[in-house]
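Single-letter residue listing:
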Amino acid sequence: MLKKWLKRLAPILIIAVAFAIFATLQANKPMPEKKEAQARVLQVYTTPAALESTFFDVYAQGEVKARTATNLAAQVGGRVEWVSNQFIPGGFVRAGEPILRLEAIDYQLALNQAEASLANATVLLEKAEADADVARKQLVGVKNPSPLALKIPQVKEAKASVKAAQASVERARLNLERTAVSLPYDARITGVNVQVGQVIAAGQALAAAFSIDEVMVRLALKQEALGSLGLPIGFVAEANNEPSVTFSTEIAGTGYQWTGKLTHIEANIDQATRMVHATATLKNPYDKANTSKGMPMAVGLYVDAHIQGRQVDQMITIPRSALRPGNRVFIIENETLQVADVMVAHANEDKAYISNGLSAGSQIITSPIRNPIAGMAITSIEPGVTAEAESTQ
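In this text the structure is predicted, and so the values were computed from the model without any measurement.

(A) Focus on the nonpolar core. Leu219, Leu221, Phe247, Trp258, Met297, Val303 and Ile307 are the most contacted members of the largest nonpolar core, which has 28 residues in total. The set of elements that each furnish at least two residues to this core consists of strand E3 (58-66), strand E12 (214-221), helix H4 (223-229), strand E13 (244-251), strand E14 (254-269), strand E15 (276-283) and strand E16 (302-307). Formed by 26 residues, the second largest nonpolar core is a distinct cluster that contains Val80, Ala172, Tyr185 and Leu206.

Printed below as a string of structure tokens:
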């Protein structure tokens with residue numbers, strides 16, 4: 001009977017013993033240490049604000065254009081008798097060198113006729129003066145002889161006829177000279193409109209050309225660039241004291257550079273773009289001495305212009321990427337983030353030059369920061385060390 005009860009109570013006893021052991025272990029287990037949670041400090045890259053002496057250079061772009069371009073037209077009509085072998089697109093002609101001649105026989109005959117008329121008028125003048133001399137002698141002693149009796153009107157008429165004849169000779173000679181067409185400057189031909197044998201009228205277009213003594217580039221500048229250059233609106237450079245401009249471009253993978261001058265800044269602001277336009281020039285761009293690797297700064301090229309601005313000494317400089325929107329800069333002071341409102345004197349792709357709002361040596365934050373708050377805990381890390389917290393712009 002006892003064995004029967006022991007058999008029934010054994011599972012219950014085993015469970016009770018196990019529970020007692022578990023309760024004892026739980027009562028005697030060590031308590032874990034409690035640690036206070038520490039705030040995570042954002043780590044960023046910094047660089048010290050440095051002092052630098054530099055030039056506030058300005059960059060712009062523009063198209064090269066000839067200072068003088070001409071649509072050449074005939075001043076007299078006639079048949080084209082001859083054209084120069086340079087009378088082609090791209091041809092080179094010197095000042096005063098004929099590039100086209102018209103048939104001149106009609107104008108030569110007109111000149112001969114005008115010269116004959118002048119000779120006849122001269123004879124008539126001499127005759128009128130002789131008649132006047134005779135009349136004056138015959139009327140000696142006659143009181144108040146009339147001008148007509150003294151042949152004075154006849155002499156005036158003869159003199160007027162001589163002047164008219166002289167003018168006709170000059171006009172005929174000028175028309176004859178105009179049968180030979182030339183340009184008043186060394187030029188390059190850009191287009192031709194007539195050929196040998198063609199009959200043209202006065203005023204008809206013959207060709208287009210541009211001068212090669214000087215090219216110009218009209219540059220659009222932001223108003224802030226005037227401060228960098230230290231020049232006013234309406235500036236006109238003094239001779240031999242013009243700011244230097246370096247032009248550059250790339251043709252077929254090769255870079256070229258030319259050095260010109262900034263001659264003037266226009267006296268108005270463009271109403272559409274609010275930009276200021278300046279003109280830079282290069283003299284004799286097609287001369288071998290002024291080419292770059294044999295390449296001239298040709299009309300029609302699109303070039304970059306680097307204008308040397310004013311020189312500044314000991315200006316606070318920071319990386320361009322550290323300048324935040326609204327001309328703000330994030331700095332570290334006493335391991336906290338501070339926001340400095342700065343005045344930017346000049347900026348380029350790499351650097352910003354600060355005239356007010358920063359001190360030399362200030363730790364400038366260059367890392368992008370998510371949700372920056374003035375006074376937040378922050379610390380600087382050395383370049384090359386991975387920051388604990390990534391941040392976005």
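(B) Here's a closer look at the packing of helix H2 (residues 105-138) against helix H3 (residues 152-177). Taken N-terminus to C-terminus, the directions of H2 and H3 make an angle of 165°; their axes are 8 Å apart at the nearest point. With respect to H3, the axis of H2 lies roughly antiparallel. The element H2 and its partner H3 pack so that their crossing is left-handed. Across the contact of H2 with H3, the residue classes tally to 17 nonpolar, eight polar and four charged.

(C) Expanded view of the packing of aromatic side chains. Within this structure, the stated rule accounts for three aromatic pairs. On the numbers, 5.4 Å between centres and 50° between planes, the contact of Phe56 with Tyr353 is tilted. Taken as a pair, Phe56 in the loop between strand E2 (50-55) and E3 and Tyr353 in strand E21 (residues 351-356) lie far apart in primary sequence, 297 residues in all. Directly above the ring of Trp82 sits Arg101, whose terminal nitrogen or CZ lies 4.8 Å from the centroid. Between the NZ or CZ atom of Lys293 and the centre of the ring of Tyr256, over which it lies, the distance is 5.6 Å.

(D) Focus on unusual backbone geometry. In this structure, Arg274 takes a positive phi of about 60° despite not being glycine. With respect to the helices, strands and loops of the structure, Arg274 is situated in the loop between E14 and E15. With relative accessibility at 45%, the residue Arg274 sits in the partly exposed group.

(E) Seen up close, the sheet that holds E3. Taken in spatial order, the six strands of this closed barrel run E3-E12-E15-E14-E13-E16, and their pairing is antiparallel. Averaged over all adjacent pairs, the angle separating strand axes in this sheet is 40°, with direction ignored. Two elements, E13 and E16, share four bridges in a ladder whose sense is antiparallel. Pairing of Val245 across the sheet is with Ile307, part of E16.

(F) Focus on the sheet that holds strand E20 (residues 343-347). Taken in spatial order, the four strands of this open sheet run E2-E17-E21-E20, and their pairing is antiparallel. With one partner strand each, in any of the chains shown, E2 and E20 form the two edges of the open sheet. Strand-to-strand, the axes of this sheet are offset by a mean angle of 50°, without reference to chain direction.

What counts as what
Residues numbered from 1 in each chain as written. Predicted model: local features only at pLDDT ≥ 70, side-chain atom pairs only at ≥ 80, totals over all residues. Heavy atoms only, no water. Core = buried A, V, L, I, M, F, W, Y, C linked by side-chain atoms within 4.5 Å. Buried < 20%, exposed > 50% of the residue type's maximum accessible area, 1.4 Å probe, protein only. Helix = DSSP H or I, 4+ residues; strand = E, 2+ residues; numbered from the N terminus. Axes fitted to C-alpha atoms, helices over the stretch in contact; angles between N-to-C directions. Parallel < 35°, antiparallel > 145°, perpendicular 65-115°, else oblique. Left-handed = near helix turned anticlockwise from the far one by under 90°. Nonpolar A, V, L, I, M, F, W, Y, C, P; charged D, E, K, R; others polar. Phe/Tyr/Trp six-rings, centres within 6.5 Å; stacked < 30°, edge-to-face > 60°. Lys NZ or Arg CZ within 6 Å of the ring centre and 35° of its normal. Pairing = 2+ DSSP bridges.

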